[in-house]
Amino acid sequence: MKPKTIRGPGLFISQFIGAEPPFDSLGDLAAWASDLSFKALQIPVFDPRLKDLAGLSEKDAVTRIEAVVSKTGLAISEIAAQRSGQLLAVHPAYDETMDILASPEVRGQPAAKQAQAVQDLRRAITRAAILGTGKVVTFSGGLAWPYFYPYPPRPHGLIERAFNELARRWRPLLDEADRAGVDLCFELHPGQDLHDGATFERFLACVDRHPRVKINYDPSHFLLQQMDYLGFIDRYHQRIGAFHVKDAEFTPSAASGAYGGYQDWLDRPGRFRSVGDGQIDFRGIFDRLTRHGYDGWAVLEWECCLKNSNDGAREGARFISEHVIRVSERSFDAALDASMSPEQLDRALGITRS
């Protein structure tokens, strides 16, 4: 792929939606984001806290979204459906704790929650197609996650069975996305069966390397797993369809490590931070994504154990703008380029013909 200028900054709005203006409606939130110099929004497929979208039919909701972005001049980077992806595949151990992600009418009903997840994911695909984003960011769900650390040894075939079932649930949605011209970008995230490169490859094999399986690249989750997040881009760049700009830091202690010791985020060795406050090499990330021709947005996801969200958003918009690499339209040495005939090339190399 040829180098390509990354679009940005975008903003994932889920962490900012709240009960008070301007965060309680998409229109006001979009105007706030525009004032901070964001150029696009990543919008959740459904959030009842957005009062100007609540209760609308699907057609009216799409019309409302189009009106908001048209008024503010913002684009839509992706449709977000992480909660729906999570609910598509829930291990029974997590049924009750996952109820918070589901609508009240299906809580306590695993089959109903899964059916709702299917409908919401289908709606996300439709919205991404109609609104022209072509991308849905989601989680995979987690059937095998409780067994991620193999003690006692996992029963033979358990992981294979879990991934086959995961593929069975996702395959119809992937096919629907393909018909709609939409990519499903899986955020590789602990708690999900797809949480690193190895699990992504396993899933990809189970769905016959489906062309609509893509990655939402979020380096914060890789740093906390102590992965090579720059090498990840080199290895998987052809499958990276979306990009969350989120920072993190990992400082091991004598008392706790990667698993966190059940501590709150502020006290864990691995912590999410506002961009620029953590350890992630974003210059290296933007360099690699640009060089590999990443065709998408750089979207801020604010999650920080310390800093105020408004400050994180303001600083994040500037941070992304400063890291976007505008690809050169010409080679720096283009003026010195010279064409030679085969005979001239031979003379330049000292080649003689007998």
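Residues numbered from 1 in each chain as written. Predicted model: local features only at pLDDT ≥ 70, side-chain atom pairs only at ≥ 80, totals over all residues. Heavy atoms only, no water.

## Some details on the pattern of salt bridges
Operational definition: Whenever a carboxyl oxygen of Asp or Glu lies within 4 Å of a side-chain nitrogen of Lys or Arg, that contact is scored as a salt bridge. By the criteria applied, helices consist of DSSP H or I runs no shorter than four residues and strands consist of E runs no shorter than two, each listed in order from the N terminus. The buried label goes to any residue with under 20% of its type's maximum accessible area, the exposed label to any with over 50%, and the partly exposed label to all in between, with areas taken from a 1.4 Å probe on protein chains only.
Applying the stated criterion across every chain yields a total of 29 salt bridges. Residue R127 is joined to E58 by a salt bridge in which the shortest nitrogen-to-oxygen separation is 2.8 Å. Within this pair, whereas R127 is found in helix 4 (residues 110-131), its partner E58 is found in helix 2 (residues 58-72), the two being separated by 69 residues in sequence. D277 is the partner of K307 in a salt bridge, and the nearest nitrogen-oxygen pair spans 2.8 Å. Taken together, the residues span a long stretch of sequence, with K307 in the loop between strand 10 (297-300) and helix 10 (309-323) and D277 in the loop between strand 9 (270-273) and helix 9 (282-291) at a distance of 30 residues. Judged by relative accessible area, which is 23%, K307 ranks as partly exposed.

## Here we look at the packing of aromatic side chains
Defined as follows: Geometry of aromatic contacts follows a simple scheme: Phe, Tyr and Trp rings, the Trp one being its six-membered ring, pair when their centres are within 6.5 Å, and the pair is stacked under 30 degrees between planes, edge-to-face over 60, tilted otherwise. Any Lys NZ or Arg CZ that is within 6 Å of a ring centre and within 35 degrees of that ring's normal is treated as a charge sitting over the ring.
Within this structure, the stated rule accounts for 19 aromatic pairs. Both rings, one in F148 and one in Y149, keep their centres 6.4 Å apart while their planes meet at 70°; by these two values the pair is edge-to-face. Residue classification places F148 among the partly exposed residues on the basis of a relative accessible area of 40%. Given the relative accessible area of 54%, Y149 is considered exposed. With a centroid separation of 6.3 Å and an interplanar angle of 85°, the aromatic rings of F243 and Y294 are classed as edge-to-face. One end of the pair, F243, is in strand 7 (residues 240-245); the other, Y294, is in the loop between helix 9 and strand 10, and 51 residues separate them in sequence. A relative accessible area of 5% places Y294 in the buried class. Following the ring pairs from residue to residue traces out a cluster consisting of F200, Y217, F222, F232, Y236, F243, F286 and Y294. Sitting over the face of the ring of F272, K246 holds its NZ or CZ atom 3.9 Å from the ring centroid. Between the NZ or CZ atom of R268 and the centre of the ring of W265, over which it lies, the distance is 4.8 Å.

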